[in-house]
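# Examination of the molecular architecture
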Amino acid sequence: MRSRSPANLASPGPTTSAPAPSITTTLTTPGLWRRMACWLYEGMLLFAVVFVAAWLFSTLGQMRDAMDARRNLLQAFVFVIFGVYFTWFWAKGQTLAMKTWNIRVVDRLGRPVTQARAFWRYLLSWVWFLPPLAGIAPFKLSGGESAVLIIGWVIVWALLARFHPDRQFWHDAWAGTRLITSAPMSRR
């Protein structure tokens, strides 16, 4: 048997410098139908958020009816609650609806979204509703006419994603975010 001397143990021997394997992450954009299904599901879940927020506001403010003079404050309160809801969950990667549909929000490079970027995305996402609401405001339109305008705008806005190079919604492009297909994140 050959014995090893301390000198032999110290020298590591010849080394080869092989390139490190490159890790390429594919950021697959979910299809438009899946994103819109997630969008509708999110809207249904927001009914619970609106219900709890409105109940809390009206109970603490002792509002007696929907035509209370503080209705604008209630709307501002719900706007803030939505902002907190979306900023919190988008900074974590997914809302409940996004978990269900295996969609995650990330920045352009695939990294997690910061709270500031999530808040900016929240503000820009109002482009889904503000243009038709601004168009409806000066006119006395019926509920059905208003619904047609809002739904028509949502369809047009969703289809405009077809013109983005990565098929992202334009408010995502402006916010520096993107929606990607993802396995559900940890339930912790």
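Residues numbered from 1 in each chain as written. Predicted model: local features only at pLDDT ≥ 70, side-chain atom pairs only at ≥ 80, totals over all residues. Heavy atoms only, no water.

## Comments concerning the packing of aromatic side chains
A complete count under the given rule lists 15 aromatic pairs for this structure. When the centroid spacing of 5.0 Å and the interplanar angle of 80° are considered together, the rings of Trp128 and Phe169 count as edge-to-face. With Trp128 in the loop between helix H5 (115-125) and helix H6 (130-136) and Phe169 in the loop between helix H7 (143-159) and helix H8 (170-175), this pair connects stretches of sequence that are 41 residues apart. The rings of Trp39, Phe79, Tyr85, Phe86, Phe89, Trp90, Phe119, Tyr122, Trp126, Trp128, Phe129 and Phe169 are connected pair by pair, giving a single aromatic cluster. The ring of Trp88 is capped by Lys92, whose NZ or CZ atom sits 4.5 Å from the centre of that ring. Here Arg121 stacks its cationic end above the ring of Trp90, 4.2 Å away from the centre of that ring. (Phe/Tyr/Trp six-rings, centres within 6.5 Å; stacked < 30°, edge-to-face > 60°. Helix = DSSP H or I, 4+ residues; strand = E, 2+ residues; numbered from the N terminus. Lys NZ or Arg CZ within 6 Å of the ring centre and 35° of its normal.)

## Topic: the pairing of strand S1 (residues 103-107)
With four of five residues buried, S1 lies mostly within the body of the structure. Here five bridges tie S1 to strand S2 (residues 177-181), and the two strands are oriented antiparallel to one another. What sits directly across from Val106, in S2, is Arg178. (Buried < 20%, exposed > 50% of the residue type's maximum accessible area, 1.4 Å probe, protein only. Pairing = 2+ DSSP bridges.)

## Points about a nonpolar patch on the surface
A grouping of Phe79, Val80, Val84, Phe119, Trp120 and Leu123 is seen on the molecular surface, where their side chains present a nonpolar patch of about 540 Å² in accessible area. Elements with a contribution of two residues or more to the nonpolar patch: helix H3 (71-92) and H5. Note on placement: Phe119 falls in helix H5. A residue is classified by how much of its surface remains accessible, and Phe119, at 40% relative accessible area, is partly exposed. (Patch = residues over 30% accessible without salt bridge, like charges linked within 9 Å, V, L, I, M, F, W, Y side chains within 5 Å. Areas by Shrake-Rupley, 256 points an atom, 1.4 Å probe, with all protein chains shown as cover. Salt bridge = Lys/Arg side-chain N within 4 Å of Asp/Glu carboxyl O.)

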